[in-house]
Amino acid sequence: MTRPQERQHSDMALAVRELLQANGEATQGLARKLGVNLTDAHALDHLLGSADGLGPTELGQRLNIRSASATTLVDRLTANGHAQRVPHPSDRRRQTVVATEKAYREVLDALGPLFDGVEQAAARLTPEQAAATVGFLREVAAVLRGYAAEHRRPE
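Residues numbered from 1 in each chain as written. Predicted model: local features only at pLDDT ≥ 70, side-chain atom pairs only at ≥ 80, totals over all residues. Heavy atoms only, no water.

A word on the pairing of strand 2 (residues 95–99). The element strand 2 is extensively covered by neighbouring structure, given that four of its five residues are classed as buried. Bridge analysis of strand 1 (residues 83–87) against strand 2 gives five bridges, and the strand direction is antiparallel. Directly across from P87, in strand 2, lies its bridge partner Q95. (Buried < 20%, exposed > 50% of the residue type's maximum accessible area, 1.4 Å probe, protein only. Helix = DSSP H or I, 4+ residues; strand = E, 2+ residues; numbered from the N terminus. Pairing = 2+ DSSP bridges.)

Here's what the structure looks like:
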């Protein structure tokens, strides 16, 4: 069977795609290591990356799940000690979901070997290469977030 005519992409674009696929595999590994499902692992990633926490609705939007599913997810993360609900800093009527110290500790322990490998790869770069790489990765992250925002499920 032959493939339809494929659009040509640069080695850079293909390497980013490969990185995204490897990230998905790493997230599956993290979920297994933590004993949680993949959605919970993605939720923890979002919570750990948010200094002020996220509202349940916002978390659901980031994961592309409905509000009822987000509530169930937060209940599950709270029950296993990975998250807690706290009052919203500026709106008494709302709650914010934050990762617990247990979640930080478990995730950092589980990701230690991955971080070590990245640091080893980065150590082989010159300071100029490292700076260019960091800038490039942050720009790609912004492109990915923009793409995700365009394709979010409406509430």
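When helix 2 (residues 38–48) is considered as a whole, its buried residues turn out to be D40, A41, A43, L44 and L47. Buried residues of helix 2, viewed axially, fall in a sector of 160°; they line one side. Buried residues belonging to helix 2 abut helix 1 (11–34), helix 3 (56–63), helix 4 (67–79), strand 1, strand 2 and helix 5 (101–123). One side-chain oxygen of the residue at the start of helix 2 lies 3.0 Å from the amide nitrogen of T39, identifying that residue as N37. (Arc of directions from axis to C-beta. Contact = heavy atoms within 4.5 Å. Polar contact = N/O pair within 3.5 Å; in protein donor to acceptor, adjacent residues only side chain to side chain.)

Looking now at the packing of helix 3 against helix 4. Between helix 3 and helix 4, the shortest axis-to-axis distance is 9 Å and the interhelical angle comes to 105°. What the angle tells us is that helix 3 and helix 4 run roughly perpendicular. Of helix 4, the residues touching helix 3 (which contributes P56, T57, L59, G60 and L63) are S67, A70, L73 and V74. Across the contact of helix 3 with helix 4, the residue classes tally to six nonpolar, three polar and no charged. (Axes fitted to C-alpha atoms, helices over the stretch in contact; angles between N-to-C directions. Parallel < 35°, antiparallel > 145°, perpendicular 65-115°, else oblique. Nonpolar A, V, L, I, M, F, W, Y, C, P; charged D, E, K, R; others polar.)

By size, the foremost hydrophobic cluster in this structure holds 23 residues, and its most contacted members are L34, A43, L47, L59, L63, L73 and L77. When contributions to this core are tallied by element, the ones reaching two or more residues are helix 1, helix 2, helix 3, helix 4, strand 2 and helix 5. In contact with L73, other than residues within four places in its own chain, are T39, D40, A43, L59, L63 and I65. (Core = buried A, V, L, I, M, F, W, Y, C linked by side-chain atoms within 4.5 Å.)

In this fold, D40 is placed in helix 2. Taking the relative accessible area as the measure of exposure, D40 reaches 2% and is therefore buried. Engagement of the side chain of D40 in a polar contact is seen with the side chain of R76, the distance being 2.7 Å. Excluding its chain neighbours within four sequence positions, the residues that come into contact with D40 are L73, R76 and L77.

Treat this as a map of the structure, not an account of what it does.
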